[in-house]
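Fold and contact review
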Amino acid sequence: MILSVPSYVIPGTYAENLRFLADTSGVDGVELLFFMYDDEIRTLMMAEIDEIRQFRSRFSYTVHMPDSIAPEHEDIIEATRGMAGSYVIHPPREDAGLPAFARLMDDWRGRYGKDDFILENTRVARFNAAEAVLKESRHGLPPVCVDIGHLRMEGYDPMAWLEAKAGRVAELHVHGFDGKSDHVPFGADEPWLVDLLPYLHGFAGVVELELFAWDQLQVVIPLLRPEPEKPGTERAGQKPVAQEIHP
């Protein structure tokens, strides 16, 4: 798995966060956040885009597109092409927005890559409504970003959901839910995490730890990393292998 964190983990700009994260361990990728997009954010993005590109050798990038995508958000795609591996898309909040949403997704997927835009389950009902129209679109169903915290908020079993979307899951968003709030830290003994870990350790896609404070992230990052084997130890049921000794 590619273990990723948001582009906002300390107060500061994209570049300031990347500089900070570059010196940390355990982080493979960064999701560039554009929950909203206005003139101020566009100006910031364009001022820092060259420095963002300079960190391509350190991080794999994904992009979180604005909550409600619009044609003018193509600026973000154009600025990040060649360094971002995928773009996370939220479904429309209302059914009235579905036709325009499907047309824009068809347009972007046709020009930039049909598998580069991945649909996230903000709420399952909205996700299902978006999937229904995209299934009939020019490029069909896109890859999926499965938000584990949002599923738990709505009472869904994350593992059942992952199994149902087998072969389409490109990214996971992982964060805690304490019964009232999501995007909170979590513990190693939480049942959903115990069930999820074997899946994560065999997953080749992006696992985004969706917490927005470094002090929280540095506690949970080790929970998702498989423990390295100690020299001289054997896995259960595995016999030691004799070593050849050459003079």
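For the structure itself, look to the data block above.
Read on for a plain summary of the structure. All of these numbers come straight from a predicted model, not from anything done at the bench. (Residues numbered from 1 in each chain as written. Predicted model: local features only at pLDDT ≥ 70, side-chain atom pairs only at ≥ 80, totals over all residues. Heavy atoms only, no water.)

Re the overall build of the protein
Rule in force here: Under the scheme used here, helices are H or I runs from DSSP no shorter than 4 residues and strands are E runs no shorter than 2 residues, and both carry numbers assigned from the N terminus. Our radius of gyration looks at C-alpha atoms and nothing else; its globule reference is 2.2 Å times the residue count to the power 0.38. Partly exposed residues are those whose accessible area sits between 20% and 50% of the maximum for their type, while under 20% is buried and over 50% is exposed, using a 1.4 Å probe and protein chains only. For this analysis, residues touch if any pair of their heavy atoms sits within 4.5 Å. Method for areas: the Shrake-Rupley scheme with a 1.4 Å probe, in which residue coverage is limited to the protein chains shown. Note that His is not counted, nor are the chain ends; the positive residues are Lys and Arg, and the negative ones are Asp and Glu. Lysine's charge is taken at NZ, arginine's at CZ, aspartate's at CG and glutamate's at CD.
Each helix and strand in the protein was counted, giving nine helices and 10 strands. For 247 residues, the compact-globule formula gives about 18 Å, and the C-alpha radius of gyration of the protein, at 20 Å, lands near that figure. In terms of its C-alpha atoms, the protein occupies a principal-axis envelope of roughly 70 × 40 × 40 Å. Taking all 247 residues of the protein together, 48% fall into the buried category. Across the protein, the fraction of contacts at a sequence separation of at least 24, relative to all contacts at a separation of at least 6, is 75%. Of the accessible surface of the protein, which amounts to about 12600 Å², a share of 52% is contributed by carbon and sulfur atoms. One way to put it: in the protein the 23 positive side-chain charges average out to a point 5 Å from where the 41 negative ones average out.

So, the pairing of strand 4 (residues 84-89)
Selection rule: Paired strands, as defined in this entry, are two strands with at least two bridges between them according to DSSP. By definition, the crossover connecting two strands over a helix is right-handed if that path, from the first strand to the second, turns clockwise as seen with the strands pointing away from the viewer.
With five of its six residues buried, strand 4 lies for the most part within the structure. Direction of pairing for strand 3 (residues 60-64) relative to strand 4: parallel, over a ladder of three bridges. Note on strand 4: the bridge partner recorded for Val63 is Tyr87. In this fold, the crossover linking strand 4 to strand 5 (residues 117-120) by way of helix 4 (residues 98-112) has right-handed handedness.

Concerning the side chain of His64
Stated precisely, the cut-off is as follows: Polar contacts here mean pairs of N or O atoms no more than 3.5 Å apart (in protein, one a potential hydrogen donor and the other a potential acceptor; neighbouring residues in sequence count only if both atoms are side-chain atoms).
Assignment of secondary structure puts His64 in strand 3. According to the relative accessible area criterion, His64 is buried, its value standing at 1%. Here His90 takes part through its side chain, which lies 3.2 Å from a polar atom of the side chain of His64. One polar contact links His64 to Glu120, side chain to side chain, over a distance of 3.4 Å. In contact with His64, other than residues within four places in its own chain, are Glu31, Leu32, Leu33, Phe34, Phe35, Val88, His90, Glu120, His173 and Glu210.

Such coordinate-based values are descriptive only and should not be taken to indicate function.
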